[in-house]
Amino acid sequence: MGRVFLIVMVAVTVLLFAVGTLTAGKAEVDTSTPDGAVRTFYDYVKAKDWKAAYNLVNNQNKVDLTSLVKELNGNNGDLRSFSTLSKATPKVLKENDTQALVRTDLQWSTAVGAMYESKDLNLVKSGGGWKLDWPVTVQAKVPPQVIPVNFLRWDIVTRGADDDWGAQNVEAPRVRIVSMNAVERDNATIILGEIVNEDTVPGFVAVNATLVGKNGQTLGEESSFDKISHVLLPKEVSPFRVDFPGIKLADVKNVRMQPNALLVPASADPTIGVLNQKLDTDSNGRKVLRGELINESGQTVNIPHVLATFYDNQGRVIWVSDGYVDRALLPQSPEPFTLGMRDDIADKVQTYRVTVNSYSINKTQL
């Protein structure tokens, strides 16, 4: 799975780069207003003209060009490395003769879909035009140390390198759906729940769902795709979510669930801790779940994927949310994450659980 994921990301990156090269035009320079300066800055970012973008940074004594490029263009094989900026929408919140505050909504095209970011930028008037005070990001410096490796690992002996992936002559791990809840949101029927690996070996799991109508007809067939932890260690539980856009729950008579599992090699490393979790409201007034991830292993996790399961006061799963962190998890260095949460369930949430999938470029197996 990791190798396939990497190949897909590389292919998408090449495609995005080609499209960006063909469509990138010369940025229209307008720094006479805060709005224009921010638009110009991000036009340079779209065109990957880093020096021109850096020339619009006011606090160059605190931010060097290399740091700016790493933050905007990615580093350590993180998701930002496989992304391009597709849209920047600035909105001036405050402005006087010498200073301004501009909120900018950003949309990035990434290898795993569109990602959205909101950034508040301070601007100052300098030399007749406006420039940005770029927020200084301080990366924690971890002292040299030895991290003992004592995690569990399951290896599998196969018949040969020519075996097709998924073609196995061994018994599949026993998995079971332990809860399921059907809801309707935004003109879509959504199946939520949890699945557990009851076996003593790891498994690659997937959940397929079929909606059956009142006359016995099939209304739709979908799978959980990335709203699930596909690799489950023994006794591990994962949430799942299956979306059926355009199908009303009132039209559904029955739901057929099909959990699938394959025996795969796996390990309990890297261990990723989740710290300081809390429900919060973002700058746009939307409900979110915030927290920090910390990579407790000694290896870099290039792309973390966060899954959150929300429960009501009866312990039912009422929503599953997920999101990718576009920064790599370096060993022992906390990295913040934010997940969106529906406003209409915020009052019903009693507890929640956060799990993390990880993709490492140097890892050639699951």
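Residues numbered from 1 in each chain as written. Predicted model: local features only at pLDDT ≥ 70, side-chain atom pairs only at ≥ 80, totals over all residues. Heavy atoms only, no water.

### Details of the packing of aromatic side chains
Piece 1. In total, this model carries 3 aromatic pairs according to the counting rule given.
Piece 2. Considering the side-chain rings of F41 and Y42, the 5.0 Å spacing of their centres and the 85° angle between planes classify their relative orientation as edge-to-face.
Piece 3. Taking the centre distance of 5.3 Å and the plane angle of 40° together, the rings of F41 and W134 count as tilted. Of this pair, F41 sits in helix α2 (residues 34–46) while W134 is found in the loop between β4 (129–133) and β5 (153–154), placing the two residues 93 residues apart along the sequence. Accessibility classification places F41 together with W134 in one group, the buried group.
Piece 4. Taken together, the ring pairs in this structure connect F41, Y42 and W134 into an aromatic cluster.
Piece 5. The residue whose ring lies beneath R80 is W108, and the NZ or CZ to ring-centre distance is 3.9 Å.
Piece 6. In this arrangement the basic side chain of R342 is found over the ring face of W319, its NZ or CZ atom lying 5.4 Å from the centre. (Phe/Tyr/Trp six-rings, centres within 6.5 Å; stacked < 30°, edge-to-face > 60°. Helix = DSSP H or I, 4+ residues; strand = E, 2+ residues; numbered from the N terminus. Buried < 20%, exposed > 50% of the residue type's maximum accessible area, 1.4 Å probe, protein only. Lys NZ or Arg CZ within 6 Å of the ring centre and 35° of its normal.)

### Points about the confidence of the model for the protein
Piece 1. Chain-level pLDDT for the protein is 89 on average; 88% of the residues reach the 70-or-more range.
Piece 2. Per-residue pLDDT stays below 50 along residues 19–24; that stretch engages in 1 contact with residues further than four places along the chain or on separate chains. (pLDDT = per-residue confidence, 0-100. Contact = heavy atoms within 4.5 Å.)

### Points about the pairing of strand β16 (residues 303–311)
Piece 1. The element β16 is extensively covered by neighbouring structure, given that 9 of its 9 residues are classed as buried.
Piece 2. The side-chain alternation of β16 yields two buried faces, one formed by I303, H305, L307, T309 and Y311 and the other by P304, V306, A308 and F310.
Piece 3. Direction of pairing for β16 relative to strand β19 (residues 351–359): antiparallel, over a ladder of 9 bridges. Bridge pairing links V306 to V356 in β19.
Piece 4. The pairing of β16 with strand β17 (residues 317–324) spans 7 bridges and is antiparallel. (Pairing = 2+ DSSP bridges.)

### Considerations on the sheet that holds strand β14 (residues 272–281)
Sheet strands line up and pair through hydrogen bonds in the backbone, either parallel or antiparallel.
Piece 1. The strand order β14-β15-β18 describes an open sheet built from 3 strands, whose pairing is antiparallel. At either margin of the open sheet sits one strand with a lone partner, and together these are β14 and β18 (335–340). Neighbour-to-neighbour, the strand axes of this sheet turn through a mean angle of 25°, independent of strand direction. (Axes fitted to C-alpha atoms, helices over the stretch in contact; angles between N-to-C directions.)

### What to know about unusual backbone geometry
Piece 1. P270 follows D269 through a cis peptide bond whose omega is 0°.
Piece 2. Counting through the fold element by element, P270 comes out in the loop between β13 (266–267) and β14.
Piece 3. Of note in this structure, N187 is not a glycine but carries a positive phi near 60°.
Piece 4. Non-glycine residue K235 carries a positive phi angle of around 70°.
Piece 5. Structurally, K235 can be placed in the loop between β10 (231–232) and β11 (237–245).

### Here's the deal with the pattern of salt bridges
Opposite charge on two side chains lets them pair, provided their charged atoms get close.
Piece 1. Evaluated as defined, the whole model comprises 20 salt bridges.
Piece 2. Linking D155 and R153 is a salt bridge whose minimum nitrogen-to-oxygen distance equals 3.0 Å.
Piece 3. Overlapping salt bridges, with partners in common, bring together E71, R80, E117, K119, D326 and R327 in one network. (Salt bridge = Lys/Arg side-chain N within 4 Å of Asp/Glu carboxyl O.)

### Topic: the side chain of S238
Piece 1. Following the sequence through the fold, S238 ends up in strand β11.
Piece 2. Among the polar contacts listed, one links the side chain of S238 to the backbone nitrogen of S229, at a separation of 2.8 Å.
Piece 3. Here S238 is in contact with G193, E194, I195, I228, S229, L232 and R353, once residues within four sequence places are set aside. (Polar contact = N/O pair within 3.5 Å; in protein donor to acceptor, adjacent residues only side chain to side chain.)

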